[in-house]
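# A look at the structure
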Amino acid sequence: MDKIKCEVTSGTNVFIKANRAKVNLNASLYAVNWFSAKSEWLYHFYNFLASRSVKKIGGKAFFKGEVIKTILDENKASRDFILIVHYPGGENFKKLMESTYFKLVSVFRILSVKKFSFGFTKKQIASNSVLSANLKYAVHHFRAPVLEDSFFREINFLLRANVRITYAGVTIAQLFTQEKNKELIPIPSLMDGVIVFESNLESELLEMFASAVYKVFIEKLSSSYIGILKRTI
């Protein structure tokens, strides 16, 4: 199955569409929300209300962070927040989208966010990391022409001694909206891959990004965004 249809209203559908071959949309998916806020307090209020619906269909917030410093932005891809949510599969997300309660509270999301991008990723690496005041975090998301599974294994060779990967994934599906009798419109997705790092010190993250081997890695990519995060979930 490379497409799942969600009937949001009588005249509007949302589609989950695979963007790679041999994608199982009913396998585990990690949705990456990358956005800025028009009203931060209203967005947090939306999250509070929406969490009920997400939990009901088996979803769970995996990671949330706020950008506190941009290190590299090659394609004007800077945003204020990243939220990674784990869903058991595409059919679970369909139930969420078709939920009357979720559709009502989603009004607050529309009112509170801007420059919103979204993509479903397949987990390549994920740790059991939990929110800690003693850890520092960073995100590197990027465009790349080809991302094989082996690509993410190679990242381990770039890590400094005290730097770990919290999450690494490759985008395998996008969302599209469709009004009745009209063409599909894609929800923006700015990344082909994403890596969230953690370390005891911000300086260790900065030294890794500035290293010669990491610069060579960046040169292999089409474009990159790197930022330091304050983790909140």
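Higher on the page you've got the structure.
Remember, predicted model here, so these are calculated numbers, not experimental data. (Residues numbered from 1 in each chain as written. Predicted model: local features only at pLDDT ≥ 70, side-chain atom pairs only at ≥ 80, totals over all residues. Heavy atoms only, no water.)

## Some words on the overall build of the protein chain
For the record, the criterion: Helix and strand labels come from DSSP, where a helix needs a run of H or I of at least four residues and a strand needs a run of E of at least two; each type is numbered from the N terminus. The reference for a compact globule is 2.2 Å times residues^0.38; the radius of gyration itself is calculated from the C-alpha atoms. Exposed residues in this analysis have more than 50% of their type's maximum accessible area, buried residues have under 20%, and partly exposed residues fall in between, with area computed by a 1.4 Å probe over protein chains only. Every residue pair with non-hydrogen atoms within 4.5 Å of one another is taken to be in contact. Exposure was quantified through the Shrake-Rupley algorithm and a 1.4 Å probe, taking into account, for residues, occlusion by the shown protein chains and nothing else. Neither His nor the chain termini are counted; the positive set is Lys and Arg, and the negative set is Asp and Glu. Each charge is placed at NZ for Lys, CZ for Arg, CG for Asp and CD for Glu.
Regarding its fold elements, the protein chain presents 6 helices and 11 strands. Here the protein chain has a C-alpha radius of gyration of 18 Å; the compact-globule value for 233 residues is 17 Å, and the two agree. For the protein chain, the spread of C-alpha atoms along the principal axes amounts to about 55 × 40 × 30 Å. Counting only residues that meet the buried cut, the protein chain has 48% of its 233 residues in that class. Within the protein chain, contacts between residues at least 6 apart in sequence are counted, and of these 81% link residues at least 24 apart. Surface exposure of the protein chain reaches about 11800 Å², of which carbon and sulfur atoms provide 54%. Across the protein chain, the centroid of the 33 positively charged side chains sits 6 Å from that of the 20 negatively charged ones.

## A short note on a nonpolar patch on the surface
The condition that has to hold: Note on patches: the residues involved have over 30% relative accessible area and no salt bridge, like charges join within 9 Å, and the nonpolar side chains Val, Leu, Ile, Met, Phe, Trp and Tyr join within 5 Å. The salt bridge criterion pairs a side-chain nitrogen of Lys or Arg with a carboxyl oxygen of Asp or Glu, the two atoms within 4 Å.
Taken together, the side chains of Trp41, Phe45 and Phe48 define a hydrophobic patch exposed on the protein surface, amounting to about 400 Å² of accessible area. Summarising the element assignment, Phe45 is placed in helix α1 (residues 40-56). Accessibility expressed as a relative area gives 33% for Phe45, which makes it partly exposed.

## Considering the packing of α1 against helix α3 (residues 100-112)
In a pair of packed helices, the angle between the axes and the distance between the axes together describe the arrangement. This is how it is decided: Angular values range over 0 to 180 degrees, each being the angle between N-to-C directions of two axes fitted as lines to C-alpha atoms, with helices fitted over their stretch in contact. The scheme is simple: roughly parallel for angles under 35 degrees, roughly antiparallel for over 145, roughly perpendicular for 65 to 115, oblique for anything else. Each crossing gets its hand from how the near helix is turned against the far one by less than a right angle, where anticlockwise is left-handed and clockwise is right-handed. Residues are grouped as follows: Ala, Val, Leu, Ile, Met, Phe, Trp, Tyr, Cys and Pro are nonpolar; Asp, Glu, Lys and Arg are charged; every other residue, Gly included, is polar.
It is the contact of α1 with α3, at a shortest axis distance of 9 Å, that shows an interaxial angle of 160°. By the criterion of interaxial angle, the relationship of α1 to α3 is roughly antiparallel. As α1 runs across α3, the sense of the crossing is left-handed. Across from Leu42, Tyr43, Phe45, Tyr46, Leu49, Ala50, Arg52 and Ser53 in α1, the residues of α3 making contact are Tyr101, Phe102, Val105, Ser106, Phe108, Arg109, Leu111 and Ser112. The residue inventory of the contact of α1 with α3, partitioned by class, reads 11 nonpolar, 3 polar and 2 charged.

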